[in-house]
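# Observations on the three-dimensional arrangement
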Amino acid sequence: MTTKPSAPPKLRHEWKHQINLREDLVLSARLRRLFPHDPHAGPDGSYRVTSLYFDTPYDTALREKLDGVNRREKFRLRYYGADTSFLRLEKKYKMNGLCGKRSARLTLEQAQRLLCGDWAFLLESGNPLLQEFYTKLRRGLAPKTVVCYDREAFLYAPGNVRVTLDRALRGGGPETFLPPGKQVLRPMEQETVLEVKYDEFLPEVVALAVQVPGRRAGACSKYALCRRFD
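This section reports on the structure supplied with the text. (Residues numbered from 1 in each chain as written. Predicted model: local features only at pLDDT ≥ 70, side-chain atom pairs only at ≥ 80, totals over all residues. Heavy atoms only, no water.)

What follows covers the side chain of Arg88. Inspection of the secondary structure assignment puts Arg88 in strand S4 (residues 83–95). Within polar-contact distance, the side chain of Arg88 engages the side chain of Tyr80 at 2.8 Å. Excluding residues within four positions of it along the chain, Arg88 makes contact with Arg76, Leu77, Arg78, Tyr80, Ser103, Ala104, Arg105 and Leu106. (Helix = DSSP H or I, 4+ residues; strand = E, 2+ residues; numbered from the N terminus. Polar contact = N/O pair within 3.5 Å; in protein donor to acceptor, adjacent residues only side chain to side chain. Contact = heavy atoms within 4.5 Å.)

Below, the structure is given as structure tokens:
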């Protein structure tokens, strides 16, 4: 009996740009009237995201992002709020302008082992993503920087649309990733990163709602912003 291979993750459209505080206030008020918040968010519609990004000794992920390389990837560990019981390894990749993501759950103990250089469990896991990550670690991939921010997320079912406003961007060294609350993070400029993600099409109601006069979507990476202070 053969096992049917799992379908590859669907590639999605993604665009983003930075907006200032005044634009954020106008846009967020409009979005709150039109779309529901992510149901996993707190009472105010937002939640904290803490990620630890990995890169090679030559900063391959950073350089490929800055150079606009068509096919690229990056790995990160991530948890939400102070809840490390839901901790994930994620591989985010981009091909021909479209984005995809694969993920695998890790326990807090596994994450701590990984950060101490004990990688054997990745190879023994039987999970293809964890095994790939093990191979990349053996080739020099290593923790680079923590990226932390407060996210307000909105959903719209047609087109599987997700609009996010990422505020209070902060960055720090890998040692600040665990435990939660340990972070003494360097603040970035007081701007918000607006992101819009969708599948095959962007409904007109969303396209109109997220318009910010004078702003155009462009290359905006929270990882790259935080690496400027290395």
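A few words now on helix H2 (residues 60–67). Those residues of H2 that fall on the buried side of the exposure criterion are Ala61, Leu62 and Lys65. Projected down its long axis, H2 carries its buried residues within an arc of 100 degrees, all on one side. Opposite the buried face of H2, at more than 90 degrees from it, the exposed residues are Arg63 and Asp67. On the buried face of H2, the contacting elements are strand S2 (46–55), strand S3 (72–80) and helix H7 (222–227). Gly68 sits one or two residues past H2 and shows a positive phi near 70 degrees. (Buried < 20%, exposed > 50% of the residue type's maximum accessible area, 1.4 Å probe, protein only. Arc of directions from axis to C-beta.)

Attention now goes to the side chain of Lys94. Inspection of the secondary structure assignment puts Lys94 in strand S4. For Lys94, the residues in contact, after removing those within four places along its chain, are Asn70, Arg71, Arg72 and Cys99.

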